[in-house]
Every structure is written in structure tokens, then in C-alpha cells.
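Survey of secondary and tertiary structure
If you want the building blocks of each chain, they are given just below.
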Amino acid sequence: MKRIYFPEPFRIKSIEPLKMLTREEREQKIAAAGYNVFSLASQDVYIDLLTDSGTGAMSSDQWAGVMLGDESYAGADCYYHVQENAKEIFGLPYVQLVHQGRAAEKVLLPVLLQGKKYAIANMHFDTTRAHVELAGARAIDCTVPEALDTTKYYDFKGNMDVERLEEYIHELGAENIGVVIMTITNNSAGGQPVSVENIRKTRDVAHKYGIKFMIDAARYAENSYFVKQREPEFKNSTIQEIVRATFEGADCFTMSAKKDAIVNMGGLIGCRDKAVFELVKQRCISFEGFITYGGMSGRDIEALARGLKEGIDENYLRYRIGQMEYLAARLDEAGIAYQSPVGGHAVFVDAKKLLPHIPYYQFPAQALAIELYKEAGIRACDIGSYMLGNDPDTGKQLEADFEFTRLAIPRRVYTQSHLDVIADALINIKERAQEIKGYKIVEEPPILRHFTAKLAPLE
Ligand SMILES: *Cc1c(COP(=O)(O)O)cnc(C)c1O
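This is a predicted model, so every value here is computed, not measured.

In this section: the site of the ligand. In the vicinity of the ligand lie 15 residues, with Gln-100, Arg-102, Asp-216, Ser-256 and Lys-259 positioned nearest. At 2.7 Å from an oxygen atom of the ligand is found a side-chain nitrogen or oxygen belonging to Ser-256. Relative to its unbound accessible area of 380 Å², the ligand is 97% covered by the protein chains. Those elements that provide at least two residues to the shell around the ligand are α4 (101-113) and α5 (126-134). Counting residues per element, the shell around the ligand draws most heavily on α4, which supplies three residues.

This is the structure we're talking about:
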């Protein structure tokens, strides 16, 4: 029997034309961009896989909500709507709107970390790490070791190493730890899911030592879908029931709504404790705006209220994760390695295995990203040594654990034909892999160089 991967639970009502450049034009554009995909104009890209954040397609219901958005400064209708939906979905009594995920971190983390030295997470996303450090604390990652082996199957590669967490608490002193954070799905480990069992154990360890437990909930719906597929206790549960089990007993959460709430801008904070929420509201007014709009326009709030519901629809999630599985299955057929099993929002292609003749200091994952653009106008990005950069003390190029070329898939944007173009482009590149050369950096800023550096191909 043929497997049907992802019956789209929608049809297309409005389209956005794409420019189709020739190969010669693409070669000129990428050279003019200094072989940096961040310097390409989006209009010169055919399939844009740079990120799944804020790049989703809204539904006709969300667009209708945009027209109904109430732009009142205080007490707008859409504010009540988002409150109602968020409280129903997550089950926490206090919810604050903010304009995106890092704004939630900026408002909440200093409240949790005041007078503390550490935050421990299954893995901090980069903006979360930055806000832990800005609050004067250090961010410690504590992922299960299974995450490091790209070819080995493991159901929940995003999990917290709970034993190690408890050791850290003993070593560092519970009184010095402000918060234990669970990032779902585990973005930096490849969009890998976390089990509810692991969430419960982590929460219980944090609470045993009187430490607050927070969820970074950017991809909580995708995580819940994986739980339903892989965790026997939940095989007959609804996504809504799994979300409630996930957030049960959590003290607070931050959320970038640009992912699973399928909006272009937005974020949320949830709290269980009234005293914490009072501080959150005060900080929100200073940094984001009055509490009933939190840095958002009413139209965007209404789209968010509706997107929250659409994001936990099981038919949508089956299609969404099915897209990753379809692309991954095509790569399996072609013998192209990636972080396996595939995660919830992206395929992380193992460029070290595809281009074994290019050493880390000639940036194989960046070379593959550039080839994908030349081959088919696909924009992916390097998650490897090129992104990692130089040792700040010695100035020497660091070697990353992985050389990944990340293909992040926007929500409800690309069709199966687009996925076939991606797979076929990778297969063509694999066939001539030996001819592909590495790159050298000709210009770079001291930090976060991958956004603005210029490169040149090696002869
Ligand atoms: C995107 C993301 C954030 C930050 O959200 P922004 O909306 O980009 O500010 C935080 N944590 C995780 C896990 C994310 O994926």
C-alpha cells in the first residue's frame, strides 16, 4: 500500500508569484551577495527555507480576523479573544501578550533570575541564552547524549538529561539556579521532540529543589503531535489533551507565536503565580506597551487568537510533520544523510557526509547552501563551523560538532512539488559532489559573522 504522507487540509485561495531566474542569473546574484545567503534579496529566491519563523501562510479565517482587529489602546476585543483561547489551550491562569518570543524572554527572565547565577535547559535557543546572560546569569545546556548521533534513531532526541540536571543542581547549589527551562521542540538539536514523561520528570526535579520550571513553547503543537505518535500513554489523546499534560504544573512559559500559532508576528508569556505576573505586567508596560496590546496591533492580535486554535488542529499537524517525513523519505531513498529521525520544522542535511572532501575550515554546510541556490534557487543556511565562528581568545576557526545545512520549512507555504524540487536538487548535487569546492572568508565582523561575512570560492 502507498503511504499518503500529507493530505493538505486546505486548498489555495490566493497565490504569490515567484520569480524564476536562470542558473546564470543565480550564479551572478550569489557572487554579488559575497556568497552569503543572508545578502540575497528574497525576490531572487525561488524556495526560501531560511527559517520557519514568521514565514507561515495565514488562513482565510485569520485574514478575516485582520479586518476585525480592534485597534483600541486599552481593552480591545481581540485582547479578550486571545486571553480566552490561550487560557483554554495552556491552562495557565495569567497570560501576557508581547510582540515576539525574545520580547517574552526580555520581560520574564530577569524576574526569574533576579539574584541568581544560572538557568539550566534541555537546550537554550540563542535568544534565550542571550536574555539569560543579559539578566546576569549563565545558561547551561543539558540535552540527552542521543541527540549527538545524527544517524541513530531515538524517539525523543530533544529530552533533558534528567540525571545530569540533578547533578548540576547539587554542584551549583539549588539556591543559585533561577529557572529550569524546557524548550519544545528542541530547536537547536534539530527540532527534536521532548516526551511528556521527560517534561514531568524535569518539572518534578526542579520543584523538589524549589526551582521554577519554565517551558519555551515556540513549537509546543508540533511537539504534542510527536508525543501522540511516539509516547504510548498518549496514543488516544487529542492534541489539546497532550498540550494540557505538557503544561501541567509548569510555573510559566514564553512563546514565539511566529512558529506554531502561524502568525507573522507575536508572542506570549504565561504565568501560574500572581506575584510573578504582577512583575511581568509592569515590565511589559515599560518595554512592550500597555498590557492589553503588548507591542502588537489589534489586527495581529486577532490573527494570533485564531492561529492558536489552527496550530493544534490534528489534521494540520499531520500534514505539517508529514511534509518533513516526505522530504526525509526522499533523502533516504537517495542515500543523503540528515539528523534522523527528522524533526518538526526542518530537515538538517549532514553536509559533512555529502561533501566529505571539504574540511570544516572550508565550510561544507555553507558550500552546500550555495550549491542549492545555484542549482534551484533554494535558500537554506549553514548550521556548522561557518556559523560557529572563531575562538574569541586565539582567533582560530572553531570546529563545530555538526556541519548541517538547514532546510526550514515555512508553514502551509510550499507544495509537494516544491519539496520534490528540493530533493531533486540535493540528488543532482550529490551526483557531482566531488566537483564542489569549499570557501574562504574574505571579510568578517568579530561576532555573529555568518549574517554579514563575505566569502570566495576556493580554486
Ligand atoms: C524563535 C524562537 C525563540 C525566539 O522567538 P522570536 O519570535 O524569534 O523572538 C525562542 N525560542 C525558540 C525555541 C525559538 O524557536
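What follows concerns the side chain of Ser-195. Residue position: Ser-195 is located in the loop between β5 (177-183) and α7 (196-208). The contacts of Ser-195, once residues within four sequence positions are left out, are Phe-156, Asn-159, Val-227 and Glu-231.

It is worth spelling out the packing of helix α3 (residues 77-90) against helix α11 (residues 298-311) at this point. For any two helices packed against each other, one specifies the inter-axial angle together with the distance between the axes. Packing of α3 against α11 leaves a shortest axis separation of 9 Å and a crossing angle of 25°. When the axis of α3 is compared with that of α11, the two are roughly parallel. Judged by the twist between their axes, the crossing of α3 over α11 is left-handed. In this structure, α3 contributes Cys-78, Tyr-79, His-81, Val-82, Asn-85, Ala-86, Glu-88, Ile-89 and Phe-90 to the contact, and α11 contributes Gly-298, Ile-301, Glu-302, Leu-304, Ala-305, Arg-306, Leu-308 and Lys-309. Split into classes, the residues belonging to the contact of α3 with α11 amount to 10 nonpolar, three polar and four charged.

Below, the discussion takes up the sheet that holds strand β2 (residues 94-98). Within the open sheet, the seven strands sit side by side as β2-β8-β7-β6-β5-β3-β4. Their pairing is mixed. Every interior strand has two partners, whereas the edge strands, β2 and β4 (138-141), have only one. Neighbour-to-neighbour, the strand axes of this sheet turn through a mean angle of 20°, independent of strand direction. The pairing of strand β6 (residues 212-216) with strand β7 (residues 252-256) spans three bridges and is classified as parallel. What sits directly across from Asp-216, in β7, is Thr-254. Across the sheet, α5 lies against β3 (118-121), β4, β5 and β6, angled at about 140° from β4, the strand it touches most.

What counts as what
Residues numbered from 1 in each chain as written. Predicted model: local features only at pLDDT ≥ 70, side-chain atom pairs only at ≥ 80, totals over all residues. Heavy atoms only, no water. Near = heavy atom within 4 Å. Polar contact = N/O pair within 3.5 Å; in protein donor to acceptor, adjacent residues only side chain to side chain. Areas by Shrake-Rupley, 256 points an atom, 1.4 Å probe, with all protein chains shown as cover. Helix = DSSP H or I, 4+ residues; strand = E, 2+ residues; numbered from the N terminus. Contact = heavy atoms within 4.5 Å. Axes fitted to C-alpha atoms, helices over the stretch in contact; angles between N-to-C directions. Parallel < 35°, antiparallel > 145°, perpendicular 65-115°, else oblique. Left-handed = near helix turned anticlockwise from the far one by under 90°. Nonpolar A, V, L, I, M, F, W, Y, C, P; charged D, E, K, R; others polar. Pairing = 2+ DSSP bridges.

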